[in-house]
Amino acid sequence: DGAAMRAGSAAVNSLDSTVAREQANIDRLYSAARDTSGRSLPLEGGTFTRRASELLDQAMAGGALPKDVQNRLNAIAAGEYPLTVESAEDLKRVIGRLQRSSSDGTARHALGLVRQALDDTPLQNAKTWNPENLPAMPGAVPPSTAAAGEQSIAAFNEARSANRAWMQRIEGNPALRAVVDGVEPDKFVERFVVGGQAT
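Here the residue numbering is sequential within each chain, running from 1 through the sequence in written order. Local features in this predicted model are restricted to residues of pLDDT 70 or higher, and side-chain atom pairs are both shown and tallied only at a pLDDT of 80 or more, whereas totals for entire chains, interfaces and linings draw on every residue. For the side-chain quantities, the full set of heavy atoms in the structure was used; hydrogens and water were omitted.

Peer 1: Would you explain the overall build of the protein chain in this entry?
Peer 2: Numbered from the N terminus, helices here are DSSP runs of H or I no shorter than four residues, and strands are runs of E no shorter than two. The helix and strand inventory of the protein chain stands at 8 helices and 0 strands. For the protein chain, the α and β elements follow one another from N to C terminus as α-α-α-α-α-α-α-α. Burial classification: accessible surface area is computed with a 1.4 Å probe over protein chains only, and a residue below 20% of its type maximum counts as buried, one above 50% as exposed, and the rest as partly exposed. Looking at the 199 residues of the protein chain, the share that counts as buried comes to 33%. Nonlocal contacts in the protein chain, meaning residues at least 24 apart in sequence, comprise 73% of its contacts between residues at least 6 apart. Surface accessibility follows the Shrake-Rupley procedure with a 1.4 Å probe radius. Residue values consider only the protein chains on display as shielding. Working note: accessible area of the protein chain is about 11,700 Å², and carbon and sulfur atoms make up 51% of it. We call two residues in contact when some of their heavy atoms are within 4.5 Å.

Peer 1: Looking at this structure, I do not really get unusual backbone geometry. What am I missing?
Peer 2: Excluding glycine, residues mostly have negative phi values, and the peptide bonds linking residues are mostly trans. If you check the backbone angles, Met60 has positive phi at about 50° while not being a glycine. Counting through the fold element by element, Met60 comes out in the loop between α2 (45-59) and α3 (67-77). Assessed through its relative accessible area of 76%, Met60 is described here as exposed.

Peer 1: Explanation requested: the packing of α2 against α3 in the structure shown.
Peer 2: Each pair of packed helices can be described by the angle between their axes along with the distance between the axes. Note on definitions: angles span 0 to 180 degrees between N-to-C directions of axes, and those axes are lines fitted to C-alpha atoms, for helices only across the stretch in contact. Viewed as axis vectors pointing N to C, α2 and α3 meet at an angle of 135°, and their least axial separation amounts to 9 Å. With respect to α3, the axis of α2 lies oblique. As for how α2 packs across α3, the hand of that crossing is left-handed. Here Gly45, Phe48, Thr49 and Ala52 of α2 lie close against α3, whose contacting residues are Leu73, Ile76 and Ala77. Gly falls in the polar group here, along with every residue not listed as nonpolar (Ala, Val, Leu, Ile, Met, Phe, Trp, Tyr, Cys, Pro) or charged (Asp, Glu, Lys, Arg). Class assignment of the residues belonging to the contact of α2 with α3 gives a composition of 5 nonpolar, 2 polar and no charged. Relative orientations are named as follows: roughly parallel for angles under 35 degrees, roughly antiparallel for angles over 145 degrees, roughly perpendicular for angles from 65 to 115 degrees, and oblique for any other angle. Each helix crossing is assigned a hand: it is left-handed if the near helix lies turned anticlockwise from the far helix by less than a right angle, otherwise right-handed if that turn is clockwise.

Peer 1: Whenever I open this one, the nonpolar core confuses me. Can you help?
Peer 2: Looking at soluble globular proteins, one finds that nonpolar side chains tend to be buried together. Residues belong to one nonpolar core when they are buried, are Ala, Val, Leu, Ile, Met, Phe, Trp, Tyr or Cys, and are joined through side-chain atoms within 4.5 Å. One finds Phe48, Leu56, Leu65, Leu83, Val114 and Phe188 to be the most contacted residues of the largest nonpolar core, which totals 44 residues. When residues of this core are traced back to their parent elements, those giving at least two are α1 (2-34), α2, α3, α4 (85-101), α5 (105-119), α6 (145-171), α7 (174-180) and α8 (185-193). With residues near it in sequence (within four places) discarded, Leu83 still touches Leu41, Pro42, Leu43, Gly45, Phe48, Ile76, Ala88, Leu118 and Thr121.

Peer 1: Just checking my understanding: could you explain the layout of surface pockets for this structure?
Peer 2: Where empty space is left becomes clear once a probe the size of a water molecule has been rolled over the atoms. Definitions used for this entry: grid spacing 1 Å over protein atoms alone; cavity, a set of points where a 1.4 Å probe fits but cannot get out; pocket, an open set with protein on both sides within 12 Å along at least 5 of 7 lines; lining residue, one with an atom within 4 Å of a point. Grid points are joined across faces, edges and corners, and a volume is the space filled by probe spheres set on the points. Put simply, the largest pocket is a space of about 450 Å³. Taken together, 14 residues make up the lining of the largest pocket; nearest its centre are Gly96, Arg100, Arg160, Asn163 and Arg164. Mapped by element, the contributors of at least two residues to the lining of the largest pocket are α4 and α6. Of the residues in the lining of the largest pocket, the class split is 2 nonpolar, 4 polar and 8 charged. In this model, the second largest pocket occupies a volume close to 160 Å³. Considering the residues around the second largest pocket, the lining is formed by 13 residues, among which Lys92, Leu118, Asp119, Ile153 and Asn157 are closest to the centre. Elements that contribute at least two residues to the lining of the second largest pocket include exactly α4, α5 and α6. The element best represented in the lining of the second largest pocket is α6, accounting for 5 residues. Tallied by class, the residues present in the lining of the second largest pocket amount to 6 nonpolar, 2 polar and 5 charged.

Peer 1: Looking at this structure, I do not really get α5. What am I missing?
Peer 2: For a helix, the expected span equals 1.5 Å multiplied by the number of residues minus one. Between the first and last C-alpha of α5 there are 21 Å, a value that for 15 residues agrees with the 21 Å anticipated at 1.5 Å per step. Turning to α5, its buried residues number three or more, namely Ala107, Ala110, Leu111, Leu113, Val114, Arg115, Ala117 and Leu118. Capping the start of α5, Asp104 holds a side-chain oxygen 2.9 Å from the backbone nitrogen of Thr106, two or three residues further along. Each polar contact in these results corresponds to two N or O atoms within 3.5 Å; when the atoms are within protein, one needs to be able to donate a hydrogen and the other to accept it, and residues that are neighboring in sequence are counted only if both atoms are side-chain atoms.

None of this, on its own, says anything about what the molecule does.
Printed below as a string of structure tokens:
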């Protein structure tokens, strides 16, 4: 009836504004992370690939690693693909997508081990100005590259954390999931206002 339709439309509009607000916040956080000066700083690629190999060997899960990720590890080990704060972030995104889409538990575990090694990878040759911490005129000593790299890593972590929390919220709320997927108001009313999933 008309009242149910109005209630459904109001609910869809309210959830639409929530979706837009949350997405805008996540986009802003990722944009801020990409604007940090340390995003192009190199990470210790050799340390990463050695640690990933050790973890995979210990778990006997190397054979379950998707070929594309294995090829990327080999390219990083050979120095053919530079591992920077930003490219590591891209690799984390790919790993996360592969984990979510895989039904193979061993493959998901193998990807998680590579992700763990990536999270633990330090910045390469973090250059520190004024290591003795001598008194200096304000502004005369540039910030260390280590600080810039850590700020970039922290900014990407914050953006990823916000995105993960939002995805979990969507998964836990069928009505919100329907709006994110573009449900029509009449179908929303049918399912969530007058139907069996109504709350």
